[in-house]
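Structure at a glance
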Amino acid sequence: QMAEITLSDGTHVWLNSGTTLRYADNFGQEARQVKLDGEAFFKVKKDEIPFKVQLNRSEIEVLGTSFAALSYKEDNFCRVTLVEGSVKVNNAYGEEISRLSPEEQIYIPENPEAYSVKKVNIRFYESWTEGKIEFDDEKLSEVARRLERWYNVEIIFKQEEIGDLRFSGTILKNKPFNQITRAFCLLLPVEVNYQNNIEDKDVITISKK
């Protein structure tokens, strides 16, 4: 499930499913530093003390701004999307590698020096804080990975090429998962089989029609 918290400095954070945010007991006194494993949206309270978010092999540094961050420890990349203000992105040694302007997104692979920056529609990266899941021409493999985390299910592709299909749409997160699978069947040439498991994750198998 999602969580919404306010840190002691007034910073507001939304945590998506399967996400952990760690920070010291004395947070905000001499330093404002957190460690993210997962997906979160930050509205950072402006302060003279820099607010730092530690990601996989990189770091976000801001004074006061709004941004989305994605960084799961099992992935070999992280992603930062700036909504307003400015963001400085550092490598693991605290050395600056890029600065973002509003509506820009940085993709940082396993080698942070090989990062890339592009313009994006920011609503696709903040809508989940309102209980909406929006996808804009994304690969079904990436959609499935996010849905697995959000709903604690396992999604299997019967044929590997299914993962390359593109999906666009808006899903309300509080709706039953089978409504999402029905959307796949309506919009894509696929069939979905749903297997309920009482003692383990439910398994969704997607195959070509």
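As a reminder, the structure under discussion sits directly above these lines.
All figures in this text were calculated on a predicted structure; none of them were measured in a lab.

Here is what the cut-offs are and how they apply
- Residues numbered from 1 in each chain as written.
- Predicted model: local features only at pLDDT ≥ 70, side-chain atom pairs only at ≥ 80, totals over all residues.
- Heavy atoms only, no water.
- Helix = DSSP H or I, 4+ residues; strand = E, 2+ residues; numbered from the N terminus.
- Rg over C-alpha atoms; globule rule 2.2 N^0.38 Å.
- Buried < 20%, exposed > 50% of the residue type's maximum accessible area, 1.4 Å probe, protein only.
- Contact = heavy atoms within 4.5 Å.
- Areas by Shrake-Rupley, 256 points an atom, 1.4 Å probe, with all protein chains shown as cover.
- Lys, Arg positive; Asp, Glu negative; His and termini not counted.
- Charge placed at Lys NZ, Arg CZ, Asp CG, Glu CD.
- Pairing = 2+ DSSP bridges.
- Axes fitted to C-alpha atoms, helices over the stretch in contact; angles between N-to-C directions.

**Let's talk about the overall build of the protein**
In terms of helices and strands, the protein carries three helices and 17 strands. Over its C-alpha atoms the protein spans a radius of gyration of 18 Å, differing by no more than 12% from the 17 Å that the globule rule assigns to 209 residues. The principal-axis extents of the C-alpha atoms in the protein amount to approximately 55 × 35 × 25 Å. Here the protein, with 209 residues, has 47% of them falling under the buried criterion. Contacts spanning at least 24 positions in sequence make up 42% of the contacts within the protein whose residues lie at least 6 apart. Carbon and sulfur atoms make up 43% of the accessible area of the protein, which amounts to about 11,300 Å² in all. Between the mean site of the 28 positive side-chain charges and the mean site of the 35 negative ones, the protein shows a separation of 3 Å.

**Here we look at the sheet that holds strand β14 (residues 154-157)**
Reading across the sheet, the three strands line up as β14-β17-β16 and stay open at both edges, with mixed pairing between neighbours. Of all the strands in the sheet, just β14 and β16 (190-195) have a single pairing partner and so form its edges. In this sheet, adjacent strand axes meet at a mean angle of 20 degrees when their direction is disregarded. Where β14 and strand β17 (residues 203-208) come together, four bridges link them in parallel fashion. Bridge pairing in β17 links E154 to V203. Sitting on the sheet, helix α3 (residues 177-187) is in contact with β14, β16 and β17, with an inclination near 160 degrees to β16.

Read these as layout, nothing more, since geometry by itself doesn't imply function.
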